[in-house]
Amino acid sequence: MTDDQNVSDSLGQEVQDGDSTSTNSGGVAIEEEGTILEESVIDEGATSGARLVVKRNGIEVEDMFDLNPPSVIGRFDPGVGPVDVDLGPLPEGVYVSRKHARISCEDGVWSIEDMGSSNGTFILRNGDFERVESVELSDGTEFALGNARFVFHLD
């Protein structure tokens, strides 16, 4: 292969072949002869195996958010900066603080922690919502951020 030839990686991106080994953003290493030394494609769609599903009128709806802990949940605001899970576009987003809560996972134990929100974080227990500062989450746990209701699911 000459210095002017290109090679396409597994993500369809072109990598300029040169005199030495190079690695593209997809993680494919290429030798000057064009032989692939190592291939480790990054799956940008990979998740932690947990997600939030919005619940409206007692029914889980199609709106869902994959979680990659730790995840800050809130509404984007230029003065505060980005959040990991932006609920601003949802109708319920008006009840959610800019940085409302953080979901984390340590040693396989998932939890949600209120970050000083105005409208609170609530967990559904025995049919009633209880305001919490921090609580463990398990598959199927229902909680609310202000008036926005969610179900936590593990895949």
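Anything mentioned here points back to the structure above.
Residues numbered from 1 in each chain as written. Predicted model: local features only at pLDDT ≥ 70, side-chain atom pairs only at ≥ 80, totals over all residues. Heavy atoms only, no water.

Comments concerning the environment of P89
Among the structural elements, P89 can be located in the loop between β9 (85-86) and β10 (99-106). For the pair P89 and F76, spaced 13 residues apart in sequence, the C-alpha to C-alpha distance is 9.6 Å. (Helix = DSSP H or I, 4+ residues; strand = E, 2+ residues; numbered from the N terminus.)

Some thoughts on unusual backbone geometry
A cis amide bond links P69 to the next residue, P70, at an omega of -10°. Examined against the element boundaries, P70 turns out to sit in the loop between β7 (59-67) and β8 (71-74). Notably, D107 is not glycine yet its phi reads approximately 55°, a positive angle. Along the polypeptide, D107 turns up in the loop between β10 and β11 (109-114). Look at N126: it is not a glycine, yet its phi comes out positive at around 50°. Within the secondary structure layout, N126 lies in the loop between β12 (121-125) and β13 (128-132). A relative accessible area of 83% places N126 in the exposed class. (Buried < 20%, exposed > 50% of the residue type's maximum accessible area, 1.4 Å probe, protein only.)

Concerning the nonpolar core
Counting residues in each nonpolar core, the largest one holds 23 residues, and the members touching the most others are L52, L87, I103, F143 and L145. Listed by contribution, the elements that provide at least two residues to this core are β6 (50-56), β7, β10, β11, β14 (134-137), β15 (142-145) and β16 (148-154). (Core = buried A, V, L, I, M, F, W, Y, C linked by side-chain atoms within 4.5 Å.)

Here's the deal with the packing of aromatic side chains
Enumeration over the complete set of coordinates arrives at 2 aromatic pairs. Geometrically, the ring pair formed by W110 and F152 is tilted, given 5.4 Å between the ring centres and 55° between the ring planes. Here W110, found in strand β11, pairs with F152, found in strand β16; they are 42 residues apart in sequence, far enough to count as distant. According to the relative accessible area criterion, W110 is buried, its value standing at 8%. Residue class for F152 comes out buried when judged on its relative accessible area of 0%. (Phe/Tyr/Trp six-rings, centres within 6.5 Å; stacked < 30°, edge-to-face > 60°.)

On their own, these measurements won't tell you what the molecule is for.
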